[in-house]
Amino acid sequence: MKRFLPLLLFLGLLALGYLLLPKGHAFYGTRLLHPKPVDFALEGPEGPVRLSQFQDQVVLLFFGYTHCPDVCPTTLLALKRAYEKLPPKDQKRVQVIFVSVDPERDTPKIADRYAKAFHPRFLGLSGSPEAIREVAQAFGVYYQKTQYRGPGEYLVDHTATTFLVKEGRLVLLYSPDKVEATDKVVADLKALL
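Within each chain, residues carry numbers counting from 1 in the order of the written sequence. Only residues with pLDDT of 70 or above have their local features reported here, since the model is predicted, and side-chain atom pairs are shown and tallied only from 80 upward, although totals for entire chains, interfaces and linings are computed over all residues. Processing note: side-chain calculations cover all non-hydrogen atoms of the structure and skip hydrogens and water entirely.

Asker: I'd love a proper account of the environment of Pro129, names of residues and values included.
Answerer: Tracing the backbone shows Pro129 in helix H5 (residues 129–139). Sequence spacing of Pro129 and Asp102 is 27 residues, and the spatial spacing of their C-alpha atoms is 8.0 Å. Whether two residues are in contact is decided by their heavy atoms, any of which lying within 4.5 Å being enough. Residues within four places of Pro129 in sequence aside, it is in contact with Pro103 and Tyr143. Note on conventions: DSSP H or I runs of at least 4 residues are helices, E runs of at least 2 residues are strands, and numbering of each starts at the N terminus.

Here you go:
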């Protein structure tokens, strides 16, 4: 037993050292244990856009609509704050994409103009009702018209999660309150770049 004591002491010190070492980044966003592969094609202002076109970038993806009175502009402002807090070299490696869940009113040009009102590098996408439904389902996004008063006069209830995609995989989720924590979102982005 005495001859194993130095070895046990060494292993104990090694374990203590390991426990005291700084760990990797503790993500603020909800991290998926099994990142889900995702891809889709929707319409941008200049034609079809595939999510896989942004394979070399971290993508912040938000589903909403341009007539949204509250959560959409609030979320896009939060994404703008986080994006603008990144150094310019990191901004080039991040893409914010807004996907409209209201294709009846939001053409690709309208969705893109709305996204670019928050930042010129943001991208807005739309598409046919079927294409939007398929993409929304792939991300688990719920949306439904409410308070319908007539054609063009309604609100849309929708999931307000911001999705973070890296290398074609869904890796983090931000609830509406979490996306407001600019410094923490920026730290997550930097850790992923």
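That shown, we press on.
Asker: Please give an account of the pattern of salt bridges that cites residues and values.
Answerer: Salt bridges are counted wherever a side-chain nitrogen of Lys or Arg sits within 4 Å of a carboxyl oxygen of Asp or Glu. Summed over the entire model, instances satisfying the criterion amount to 7 salt bridges. Where Arg81 meets Glu180, a salt bridge forms, and the shortest distance between an N and an O atom there is 2.9 Å. Here Arg81, found in helix H2 (residues 71–85), pairs with Glu180, found in the loop between helix H6 (176–179) and helix H7 (182–192); they are 99 residues apart in sequence, far enough to count as distant. Measuring nitrogen to oxygen at the nearest pair gives 3.4 Å for the salt bridge that ties Lys89 to Asp90. Judged by relative accessible area, which is 59%, Lys89 ranks as exposed. Only protein chains enter the calculation, and the probe is 1.4 Å; a residue is then buried if its accessible area is under 20% of its type maximum, exposed if over 50%, and partly exposed in between.

Asker: Account for empty space enclosed by the protein, naming residues and giving values.
Answerer: A pocket here means an open set of points on a 1 Å grid, computed over the protein atoms alone, that has protein on both sides within 12 Å along at least five of seven lines. A cavity is instead a set of points where a 1.4 Å probe fits but cannot get out; residues with an atom within 4 Å of a point line either one. Grid points are joined across faces, edges and corners, and a volume is the space filled by probe spheres set on the points. For the structure on display, the rule yields 1 cavity of 30 Å³ or more. Put simply, the largest cavity is a space of about 40 Å³. Looking at the largest cavity, the residues that line it are Leu51, Ser52, Phe54, Gln55, Gln57, Val59, Val165, Glu167 and Gly168. Residues are sorted three ways: Asp, Glu, Lys and Arg are charged, Ala, Val, Leu, Ile, Met, Phe, Trp, Tyr, Cys and Pro are nonpolar, and all the rest, Gly among them, are polar. The residue makeup of the lining of the largest cavity, split by class, is 4 nonpolar, 4 polar and 1 charged.

Asker: How would you explain the sheet that holds strand E9 (residues 162–166) if you had to name every residue and give the values?
Answerer: Ordered by their spatial adjacency, 6 strands build an open sheet running E1-E10-E9-E4-E5-E6, and the pairing between neighbours is mixed. Since the sheet does not close on itself, it has two edges, and those belong to strand E1 (30–37) and strand E6 (123–125), each with one partner. Taken pair by pair, the neighbouring strands of this sheet meet at an average axis angle of 25 degrees, ignoring direction. The convention used is that axes are lines fitted to C-alpha atoms, helices contributing only their stretch in contact, and that angles between N-to-C directions extend from 0 to 180 degrees. Set on the sheet, H2 makes contact with strand E4 (58–64), strand E5 (94–100) and E9; between it and E4 the angle comes to about 165 degrees. Along the sheet, H7 contacts E4, E9 and strand E10 (169–174); its crossing angle with E10, the most-contacted strand, is approximately 165 degrees. Any two strands are treated as partners once DSSP identifies two or more bridges connecting them.

Asker: Mind laying out the side chain of Ser126, listing which residues take part and the relevant values?
Answerer: Considering the arrangement of structural elements, one finds Ser126 in the loop between E6 and H5. Within the local environment of Ser126, its side chain forms a polar contact with the backbone oxygen of Asp106, the two atoms lying 2.7 Å apart. In this view, Ser126 contacts Leu42, Glu43, Ser100, Pro103, Asp106, Thr107, Pro108, Ala111 and Ile132; residues no more than four positions away in its chain are not counted. Distance and chemistry together define a polar contact, namely a pair of N or O atoms within 3.5 Å, with one atom able to donate a hydrogen and the other to accept it when in protein, and with adjacent residues in sequence counting only for side-chain atoms on both sides.

Asker: Tell me about the layout of surface pockets, and please be specific about residues and values.
Answerer: Left-over empty space is what a probe sized like a water molecule reveals as it rolls over the atoms. Here the largest pocket is characterised by a volume of approximately 160 Å³. What lines the largest pocket is simply Val101, Asp102, Pro103, Glu104, Pro129, Arg133, Tyr143, Gln144, Lys145 and Val156. For the lining of the largest pocket, the element with the highest residue contribution is strand E7 (residues 143–150), accounting for 3 residues. Classifying every residue of the lining of the largest pocket by side-chain character gives 5 nonpolar, 1 polar and 4 charged.

Asker: Account for the packing of aromatic side chains, with residues named and values stated.
Answerer: Aromatic rings considered in pairs are described by the distance between their centres and by the relative angle of their planes. Two aromatic rings, drawn from Phe, Tyr or Trp (for Trp, its six-membered ring), form a pair once their centres lie within 6.5 Å of each other, and the interplanar angle then sorts them: stacked below 30 degrees, edge-to-face above 60, tilted otherwise. Summed over the entire model, instances satisfying the criterion amount to 8 aromatic pairs. Relative to Phe122, the ring of Tyr83 lies with its centre 5.7 Å away and its plane at 85 degrees, an arrangement referred to as edge-to-face. On the criterion of sequence distance, the pair formed by Tyr83 in helix H2 and Phe122 in the loop between helix H4 (108–118) and E6 is long-range, its members being 39 residues apart. Both residues of the pair, Tyr83 and Phe122, count as buried. Ring pairing ties together the aromatic residues Phe40, Phe63, Phe139 and Phe163, which thus form one cluster. Sitting above the plane of the Tyr154 ring, Arg105 keeps its charged end 3.7 Å from the centroid. Criterion for a charge above a ring: Arg CZ or Lys NZ at most 6 Å from the ring centre, at most 35 degrees from the ring normal. The ring of Tyr154 has Lys145 lying over it, and the distance from NZ or CZ to the ring centre is 4.6 Å.

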